[in-house]
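As a plain string of letters, each chain reads:
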Amino acid sequence: MGSLLKGVSGVRWGELRDATGATAGGVPPLLSRIAYGDEDTTRIAIDDLGDAICSLGFVVGEVTAPTVPFLLELAGSPHVACKAELLDLLGSICRADQWHSAAAAVGDRKHDASYQQQPGWEAAARTAVYAGRSVIEGVASSVRPEEATPARKLLQEMDRIPPFPEL
């Protein structure tokens, strides 16, 4: 995939499911379009990727956490367009708590066994975003306000969002 995204081939995308339940094999081409596309191509690819890894802006999937390091790599790259959109997507991933909220709503009862993995996906995705804090801080120090402002907003959200409780 070029100098960016070298680790993409090490992920078994075809074995992972996206936020819609589909196979995640379409994630690598979207990452490539973000890395090497012009601004319009990049914007569309970020939107499509958002649908796959953070559906509706608040539902993550199995593939979300493995994708986050690549989003951070792209956000930290000086030549990638649409950093604000990438940071917004990372913010949506960080805020996602749909599955934890649903599990908490059932109280002491065991939540449906078919949905026991989803809270783990949320926790892993949020942890992956937090692991990229230094990248986000680097973007926040940019002299370009269109990059720095959304990065600072994401850092503030990261400081405000508590860790997930044990379920």
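Every value quoted in this text rests on a predicted model; they were computed, and no experiment measured them.

(A) Region of the structure containing the pattern of salt bridges. What the rule picks out here adds up to 7 salt bridges. The shortest N-O distance in the salt bridge between glutamate 157 and arginine 95 comes to 2.8 Å. Residue glutamate 157 is found in helix H8 (residues 145-160), and its partner arginine 95 is found in helix H4 (residues 83-95); the two are separated by 62 residues along the sequence. Residue classification places arginine 95 among the partly exposed positions, given a relative accessible area of 39%. In this structure, glutamate 147 engages arginine 144 in a salt bridge whose closest nitrogen and oxygen atoms are separated by 3.4 Å. For glutamate 147, a relative accessible area of 12% gives the class buried. Three or more residues joined by partner-sharing salt bridges are found here, namely Glu39, Arg43 and Glu85.

(B) Up close: the packing of aromatic side chains. Summed over the entire model, instances satisfying the criterion amount to 1 aromatic pair. Where tryptophan 13 meets phenylalanine 70, the ring centres are 6.1 Å apart and the plane angle is 50 degrees; that geometry is what we call tilted. Linking tryptophan 13 in the segment before helix H1 (27-36) with phenylalanine 70 in helix H3 (residues 64-76), this pair joins segments that are 57 residues apart in sequence. Overall, the relative accessible area of 6% leaves tryptophan 13 in the buried class.

(C) H3, seen in detail. End to end, H3 covers 18 Å across 13 residues, agreeing with the expected 18 Å (1.5 Å per residue, within 8%). Contact partners of the buried residues in H3: H1, helix H2 (39-53), strand E2 (59-60), H4, helix H6 (118-131) and helix H7 (133-140).

(D) Representation of the nonpolar core in the model. In this structure, Leu31, Leu71, Leu74 and Ile93 are the most contacted members of the largest nonpolar core, which totals 47 residues. For this core, the elements supplying multiple residues, two or more each, are H1, H2, H3, H4, H6, H7 and H8. Of the residues forming this core, the biggest block, 7 residues, is contributed by H3. Among residues more than four places away in sequence, those in contact with leucine 71 are Leu31, Leu49, Ile53, Leu86, Leu89, Leu90 and Ile93.

(E) Main features of the environment of leucine 89. On the secondary structure map, leucine 89 appears in helix H4. You can call leucine 89 buried: its relative accessible area is 9%. Linking leucine 89 and leucine 154, residues 65 residues apart in sequence, is a C-alpha distance of 10.0 Å. If we skip the residues at most four places from it in the chain, leucine 89 touches Ile46, Gly50, Ile53, Cys54 and Leu71.

(F) Geometry of unusual backbone geometry. At leucine 56, a position not held by glycine, the phi torsion is positive, near 60 degrees. Mapping leucine 56 onto the fold places it in the loop between strand E1 (54-55) and E2. Its identity as a non-glycine residue notwithstanding, cysteine 82 has a phi of 60 degrees, on the positive side. With respect to the element layout, cysteine 82 can be found in the loop between H3 and H4.

(G) The side chain of threonine 42, seen in detail. Within the fold, threonine 42 resides in helix H2. You can call threonine 42 buried: its relative accessible area is 0%. Those residues in contact with threonine 42 that sit more than four places away from it in its chain are Arg33, Ile34, Gly37, Ala81 and Cys82.

(H) Layout of the packing of H7 against H8. Relative orientation of the contacting elements H7 and H8 amounts to 140 degrees, with a least axis distance of 7 Å. Between H7 and H8, the crossing angle belongs to the class labelled oblique. Seen from above, H7 lies across H8 with left-handed handedness. Every residue of H8 that contacts H7 at Arg133, Ile136, Glu137, Val139 and Ala140 is listed here: Glu147, Ala148, Ala151, Arg152, Leu154, Leu155, Met158 and Asp159.

So, how was this worked out
- Residues numbered from 1 in each chain as written.
- Predicted model: local features only at pLDDT ≥ 70, side-chain atom pairs only at ≥ 80, totals over all residues.
- Heavy atoms only, no water.
- Salt bridge = Lys/Arg side-chain N within 4 Å of Asp/Glu carboxyl O.
- Helix = DSSP H or I, 4+ residues; strand = E, 2+ residues; numbered from the N terminus.
- Buried < 20%, exposed > 50% of the residue type's maximum accessible area, 1.4 Å probe, protein only.
- Phe/Tyr/Trp six-rings, centres within 6.5 Å; stacked < 30°, edge-to-face > 60°.
- Expected span 1.5 Å × (residues − 1).
- Contact = heavy atoms within 4.5 Å.
- Core = buried A, V, L, I, M, F, W, Y, C linked by side-chain atoms within 4.5 Å.
- Axes fitted to C-alpha atoms, helices over the stretch in contact; angles between N-to-C directions.
- Parallel < 35°, antiparallel > 145°, perpendicular 65-115°, else oblique.
- Left-handed = near helix turned anticlockwise from the far one by under 90°.

Treat this as a map of the structure, not an account of what it does.
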